[in-house]
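Structural overview for review
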Amino acid sequence: MKSVARRVVDRRVLHLLKMWLDAPAEEEDRQGRKKRTTVNRDARQGIPQGSPISPLLSNLYMRRFVLGWKRAGLEQRLGARIVNYADDLVICCKGNNAQKALGAMRQMMGRLKLTVNEEKTRICCLPDGEFDFLGYTLGRRYSPKTGRPYIATRPSRKSIRRMTETVRIQTGRNMEWLDVGEMVKRLNQKLGGWANYFKLGPVTPAYRFIDRYTTDRLRRWLCKKHKQSSRGLMHYPDEYFYQQLGLVRLPMLPQNFPWAKA
């Protein structure tokens with residue numbers, strides 16, 4: 001709240017944010033009864049998981065860590081630069097200073113009364129290793145033209161699984177009441193939004209995989225909708241989805257590769 005108060009002076013806004021932070025979580029059990037967890041309210045600390053205000057408040061508080069890192073001279077002394085979003089961060093180090101940077105990070109986080117997630121915290125040496133950050137996997141790739149290695153990003157396996165799960169839910173049997181045009185419209189919104197974020201690095205293999213999965217799920221959905229026993233490949237070829245229904249074809253989307261700045 002002190003970090004927020006440096007930027008916001010309206011008392012009503014500050015009071016609203018404080019109430020938000022102290023609010024208990026409310027869930028429904030298997031019997032449909034509402035259950036409240038009061039850990040955050042009783043401890044007078046915490047933040048709603050997944051709420052739209054969470055990344056903003058996390059960035060405000062994490063700024064203290066980033067500024068402290070620079071003022072302590074750790075960035076220059078260890079050649080360690082911080083790249084962060086909300087409560088997720090990567091420290092990029094030069095040489096063999098990763099262990100020192102990790103120790104300094106744990107110490108500063110302790111002073112800020114933050115807990116480091118040890119299960120997700122590790123030292124990764126590129127280009128031999130790879131790591132996931134903000135939905136991307138960073139590591140060694142090879143040029144299809146020259147075969148030369150380089151460091152690049154690609155959509156992580158977890159991100160691809162989440163997208164295929166979204167398509168699976170959208171094309172479930174409980175959605176058979178939808179018109180096929182409306183179904184394609186909803187799929188296009190989800191596919192286009194996913195591709196709009198995952199456009200850095202060699203994304204074509206991931207695009208093709210999601211395309212194949214989407215057409216297969218849509219084909220099965222149509223067969224169940226119209227009570228057809230076959231898999232529907234003869235009734236609903238890919239050209240029917242792309243040319244007649246206007247289903248988004250991810251590899252054919254115009255790809256703009258913005259420069260990502262830390």
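Let me begin by describing the structure that accompanies this report. (Residues numbered from 1 in each chain as written. Predicted model: local features only at pLDDT ≥ 70, side-chain atom pairs only at ≥ 80, totals over all residues. Heavy atoms only, no water.)

1. Side note on the sheet that holds strand β5 (residues 131-133)
If you walk across this open sheet you meet the three strands as β5-β6-β7, and the pairing is antiparallel. At either end of the open sheet lies a strand with only one pairing partner, and these are β5 and β7 (149-155). Here the strands of the sheet are splayed against their neighbours by 40° on average, with no regard to which way each runs. Strand direction decides the pairing type here: strand β6 (residues 136-142) and β7, joined by seven bridges, are antiparallel. In the strand pairing of β7, Arg141 is matched with Tyr150. (Pairing = 2+ DSSP bridges. Helix = DSSP H or I, 4+ residues; strand = E, 2+ residues; numbered from the N terminus. Axes fitted to C-alpha atoms, helices over the stretch in contact; angles between N-to-C directions.)

2. Re the pattern of salt bridges
Side-chain pairing between opposite charges can occur once the charged atoms of the two side chains come close. Throughout the structure, instances matching the rule amount to ten salt bridges. A salt bridge links Glu130 to Arg154, with the nearest nitrogen and oxygen atoms 3.6 Å apart. Of this pair, Glu130 sits in the loop between α6 (98-111) and β5 while Arg154 sits in strand β7; the two residues are 24 residues apart in sequence, bridging distant segments of the chain. In this structure Glu130 comes out as partly exposed when scored by relative accessible area, which is 37%. Among the ionic pairs, Asp216 bridges to Arg220, the shortest N-O distance being 3.3 Å. Within this pair, Asp216 and its partner Arg220 are both found in helix α9 (residues 204-225), separated by four residues, close to a single helical turn. (Salt bridge = Lys/Arg side-chain N within 4 Å of Asp/Glu carboxyl O. Buried < 20%, exposed > 50% of the residue type's maximum accessible area, 1.4 Å probe, protein only.)

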